[in-house]
Amino acid sequence: MHTAAGLLQRDAESGEAGVLEAIERAAQTCAARIGLAAVAGVIDFAGSDTPARADCPDAGHAGRLVARRTKTVRTLLGSVDVTRGYYHCGTCRAGFAPLDTRLGITGTSLSPGLARAAALAGAEMPYAKSVEFIGTVTGLHLASTSTLARTTRAQGARARALINAEQAAATATSRPVPAADDSGGMGLCYLVMDGTGAPMLPRECAGRAGKDGGRPGTREVKIGCLFTQSGRDPATGDPVQDPGSVSYISTFAPAPEFAGQVRAEYLRRGFDQIRQPVVLGDGAHWIWNIANQQFPHATQVVDYFHAREHLADLTKLLTPVLRDPASFEQHLVDALDLGHTEQFATAVDRLDLPARAPDLARPATREVRYFTGNHHRMQYADFTANGYYIGSGPVESACNTIVKQRAKRAGTHWTMTGLDPVLALRTLHQSHREDILWHTPHT
């Protein structure tokens with residue numbers, strides 16, 4: 001109170017604004033000191049229990065007390081010295097401190113709370129800005145840039161290991177064949193897949209072909225988005241995603257390995273008990289290979305907006321030989337909406353490109369094949385009538401949120417070992433599943 005009164009008086013005399021922040025900072029500093037003293041007292045009490053022998057954490061062997069040793073641990077409230085019993089296991093020939101295990105500080109100088117804050121900040125913004133952000137929020141300098149980067153990678157690696165363990169457990173569990181759904185519910189689950197490039201250091205792209213024969217500068221991150229749908233908007237008839245039903249996966253792995261991960265997440269979510277799966281993608285061959293191999297009973301849908309982009313590209317390509325490009329495109333839009341993709345080939349054949357514009361014949365044929373080859377995946381009238389999503393917006397959003405916002409900053413280039421842990425953390429965060437990594441204790 002005395003400090004606050006002094007700040008108010010000084011502000012009144014100087015005429016400067018901002019006294020409230022100064023009061024906040026003073027109160028924050030005071031609270032941190034009180035809290036740190038309480039933490040230190042609890043730790044000192046716990047550290048005073050040092051029996052002559054303790055079980056080795058790795059094998060359960062009995063270790064003997066060697067000494068009481070002190071380590072400095074940085075917490076969200078500041079640094080604290082932890083003095084605890086240090087033991088040696090003669091069988092394992094290794095030392096250990098049981099209190100470190102209880103406190104979650106084995107092999108680290110950061111408390112679990114600070115490690116979590118550092119990892120979350122490092123996964124969201126550049127490491128230097130993360131240090132600045134934590135300092136601004138706490139009013140304390142708790143970690144260096146290198147410590148924060150190292151902690152983010154360590155926590156991200158732990159996140160990836162937990163994700164992999166979950167996937168392995170899901171595929172190892174046998175499940176009963178689902179009974180027929182007589183409830184009348186829609187019972188829809190979606191598997192939306194896409195890929196996006198992440199900027200890499202040159203050594204990470206060595207020996208790889210670049211886009212259109214150019215120099216490679218990225219590595220593809222494959223993204224999977226899974227969610228359920230139980231109904232439609234009664235006012236519009238549009239499909240409605242079930243709240244809180246979205247989960248994501250991300251990986252640098254090639255398509256065959258990614259296929260197994262998608263299948264594992266599908267099983268972990270219990271989607272094999274849902275009547276109708278739908279696979280949504282942009283038309284990339286690897287997506288439909290996964291769909292055919294892993295989910296042969298699924299309805300396959302090419303993202304409608306990607307199809308429209310290809311139609312716009314086709315119209316632009318053919319503009320030199322079209323009398324009315326707008327009418328040509330609108331005619332094919334109407335055909336696309338009805339799922340009549342055969343009309344694309346007919347419309348292009350009528351232009352007689354081999355005779356009128358031979359240089360356009362091959363690229364036009366390639367664009368037409370996109371539609372005719374995906375005929376069964378472009379039955380948009382039927383899909384809409386059945387209440388299905390026909391756009392892959394959720395995974396497009398995931399590519400932006402999980403990869404682009406963190407990895408594709410100006411001048412940023414990564415290694416795979418540096419970025420993958422960040423992606424693992426961001427994937428869990430977007431899936432609202434950080435609880436598998438950090439268990440919030442009850443207070």
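Note that this is a predicted model, so its numbers are computed, not measured. (Residues numbered from 1 in each chain as written. Predicted model: local features only at pLDDT ≥ 70, side-chain atom pairs only at ≥ 80, totals over all residues. Heavy atoms only, no water.)

**Q** When you look at the sheet that holds strand E1 (residues 53-55) in this model, what are you seeing that I'm missing?
**A** Strand pairs in the sheet, formed through backbone hydrogen bonds, run parallel or antiparallel to each other. Across the sheet, four strands lie side by side as E1-E2-E3-E4; this open sheet has antiparallel pairing. A strand with exactly one partner marks an edge of an open sheet, and here the two such strands are E1 and strand E4 (94-96). Recorded for the sheet is a direction-independent mean angle of 45° between the axes of neighbouring strands. The pairing of strand E2 (residues 62-75) with strand E3 (residues 78-89) spans eleven bridges and is antiparallel. Counterpart to Val 73 in the pairing with E3 is Val 80. (Pairing = 2+ DSSP bridges. Helix = DSSP H or I, 4+ residues; strand = E, 2+ residues; numbered from the N terminus. Axes fitted to C-alpha atoms, helices over the stretch in contact; angles between N-to-C directions.)

**Q** Before we go on, may I ask you to explain the state of the cysteines in this structure?
**A** Disulfide: a covalent bond connecting the sulfur atoms of a pair of cysteines. This model, assessed by the stated rule, comprises zero disulfides. Counting only cysteine sulfurs, Cys 92 is the nearest neighbor of Cys 56, a cysteine outside any disulfide, at a range of 3.8 Å. Exposure remark for Cys 56: the relative accessible area of 5% places this residue in the buried category. Considering cysteine sulfurs only, Cys 89 is the nearest to Cys 92, which forms no disulfide, with 3.7 Å between them. For Cys 92, a relative accessible area of 31% corresponds to the partly exposed category. (Disulfide = S-S within 2.5 Å. Buried < 20%, exposed > 50% of the residue type's maximum accessible area, 1.4 Å probe, protein only.)

**Q** How should unusual backbone geometry be read in this particular structure?
**A** What is expected of a backbone is that most residues other than glycine have negative phi and most peptide bonds are trans. The backbone of Arg 93 shows a phi angle near 55°, a positive value even though the residue is not glycine. Looking at the secondary structure, you find Arg 93 in the loop between E3 and E4. Phi at Asp 352 takes a positive value of approximately 50°, unusual for a residue other than glycine. Along the chain, Asp 352 falls in the loop between helix H11 (342-349) and helix H12 (353-356).

**Q** Looking at this structure, I do not really get the pattern of salt bridges. What am I missing?
**A** Applying the stated rule across the entire model yields seven salt bridges. Close ionic contact of Asp 100 with Arg 84 constitutes a salt bridge, the shortest N to O distance being 2.9 Å. On the criterion of sequence distance, the pair formed by Asp 100 in helix H3 (residues 98-103) and Arg 84 in strand E3 is long-range, its members being 16 residues apart. Overall, the relative accessible area of 6% leaves Asp 100 in the buried class. With relative accessibility at 8%, the residue Arg 84 sits in the buried group. A salt bridge links Lys 222 to Glu 220; the nearest nitrogen and oxygen atoms lie 2.8 Å apart. Residue Lys 222 is classed as buried on the basis of its relative accessible area of 8%. Judged by its relative accessible area of 34%, Glu 220 falls in the partly exposed class. Taken together, the shared-partner salt bridges connect Lys 71, Arg 84 and Asp 100 into one network. (Salt bridge = Lys/Arg side-chain N within 4 Å of Asp/Glu carboxyl O.)

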